[in-house]
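Structure at a glance
Residue-level listing of the chains:
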Amino acid sequence: MPALTLEMISLLSRIRELAAIASSLKALERGVVEAIAARLSHYNWTGFYWLDPGDAETLVLGAFIGEPTPHVRIPVTRGICGAAVASGETVVVDDVHADPRYLSCSIKTKSEIVVPIRAHGKVVGEIDIDSHTPAAFTEIDRRFVEETARIVGAFIVERCGRTI
Ligand code: SME
């Protein structure tokens, strides 16, 4: 399995540190997107979506860094975001324009990775990242984003009780 880059190892340490000190999930979300956007230049849009506690069929936009998106609420039946949460699996799309599920956020976006976040064994949300570079997300990126999602999921279990 390919090793994480030194930058990613250092970013994961920072994200673990943020999870240890964050006063709320909102504060952690903000810290994570800021840290990632500042240090991984091919991650051009980084954000969180959460399943609406009042409507488990809909994702709601959380903290993000990048161009504003029209997709502030996404039904779980739609988009690459919906596909990841419905399947409970990471989705990597090398060419978004060749994927009929893709919901456009920016004409510059070429590739995307979406990783579900689990708490108490259930998917509660996801991390969505877009790149202006085609096929930007390798196995290494998948490992990095999946570890970030685990850290955020563990924070929810430890600090937010049964609700978020
Ligand atoms: N591209 C996503 C929609 C979210 S925006 O990229 C921020 C999708 O296809 O679900």
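Residues numbered from 1 in each chain as written. Predicted model: local features only at pLDDT ≥ 70, side-chain atom pairs only at ≥ 80, totals over all residues. Heavy atoms only, no water.

**Focus: the side chain of Asp52**
As for its placement among the helices and strands, Asp52 is situated in strand β1 (residues 45–52). For Asp52, a relative accessible area of 18% translates into the label buried. Separated by 3.0 Å, the side chains of Asp52 and Arg73 make a polar contact. If near-sequence neighbours (up to four positions away) are discounted, Asp52 is found in contact with Thr58, Val60 and Arg73. (Helix = DSSP H or I, 4+ residues; strand = E, 2+ residues; numbered from the N terminus. Buried < 20%, exposed > 50% of the residue type's maximum accessible area, 1.4 Å probe, protein only. Polar contact = N/O pair within 3.5 Å; in protein donor to acceptor, adjacent residues only side chain to side chain. Contact = heavy atoms within 4.5 Å.)

**What about the site of the ligand?**
Looking at the ligand, there are 13 residues lining it, with Ile80, Cys81, Leu103, Glu112 and Asp130 nearest. In the model, an oxygen atom of the ligand is placed 2.8 Å from a nitrogen or oxygen of the Cys81 main chain. Considering the ligand on its own, with 300 Å² of exposed area, one finds that the protein chains cover 100% of that surface. Secondary-structure elements contributing two or more residues to the shell around the ligand are β1, α3 (79–87) and β6 (122–131). Broken down by element, the residue count for the shell around the ligand peaks at 3 residues, all from α3. Here the shell around the ligand is built from residues that sort into 8 nonpolar, 2 polar and 3 charged. (Near = heavy atom within 4 Å. Areas by Shrake-Rupley, 256 points an atom, 1.4 Å probe, with all protein chains shown as cover. Nonpolar A, V, L, I, M, F, W, Y, C, P; charged D, E, K, R; others polar.)

**Some remarks on the packing of aromatic side chains**
Inspection of the entire model under this criterion finds 5 aromatic pairs. Both rings, one in Trp45 and one in Phe64, keep their centres 5.4 Å apart while their planes meet at 15°; by these two values the pair is stacked. Remark: Phe64 occurs in strand β2 (residues 55–65) and Trp45 occurs in strand β1; sequence separation between them is 19 residues. For Trp45, a relative accessible area of 4% translates into the label buried. (Phe/Tyr/Trp six-rings, centres within 6.5 Å; stacked < 30°, edge-to-face > 60°.)

**Some words on the pairing of β2**
Sheet analysis places β1 next to β2, joined by 6 bridges and oriented antiparallel. Counterpart to Tyr49 in the pairing with β2 is Leu61. (Pairing = 2+ DSSP bridges.)

**Some thoughts on the environment of Leu59**
With respect to the helices, strands and loops of the structure, Leu59 is situated in strand β2. Note: C-alpha distance between Leu59 and Tyr49 (10 residues apart in sequence) is 5.7 Å. Among all residues touching Leu59, those that are not within four sequence positions of it are Tyr49, Trp50, Leu51, Val72, Arg73, Ile74, Val76, Cys81, Gly82, Val85 and Glu126.

**Considerations on the sheet that holds strand β3 (residues 73–75)**
Hydrogen bonds along the backbone pair up the strands of a sheet, which may run parallel or antiparallel. If you trace the 6 strands from one edge of the open sheet to the other, you get β3-β2-β1-β6-β5-β4, paired in antiparallel fashion. Whereas interior strands pair on both sides, the edge strands pair on one side only; in this sheet they are β3 and β4 (91–93). Here the average twist between neighbouring strands, direction ignored, is 25°. In terms of strand pairing, β1 meets β6 through 6 bridges, oriented antiparallel. Its bridge partner being in β6, Trp50 is matched across the sheet by Gly125. (Axes fitted to C-alpha atoms, helices over the stretch in contact; angles between N-to-C directions.)

**Regarding the packing of helix α1 (residues 6–21) against helix α2 (residues 25–39)**
Across the interface, α1 lies against α2 with an axial gap of 10 Å and an inter-helix angle of 165°. Classified by the angle between their axes, α1 and α2 sit roughly antiparallel to one another. Like other packed secondary-structure pairs, α1 and α2 cross with a definite hand, here right-handed. Listed contacts from α2 to Glu7, Ser10, Leu11, Arg14, Ile15, Leu18 and Ala19 of α1 are Leu28, Gly31, Val32, Ala35, Ile36 and Arg39. Classifying every residue of the contact of α1 with α2 gives 8 nonpolar, 2 polar and 3 charged. (Parallel < 35°, antiparallel > 145°, perpendicular 65-115°, else oblique. Left-handed = near helix turned anticlockwise from the far one by under 90°.)

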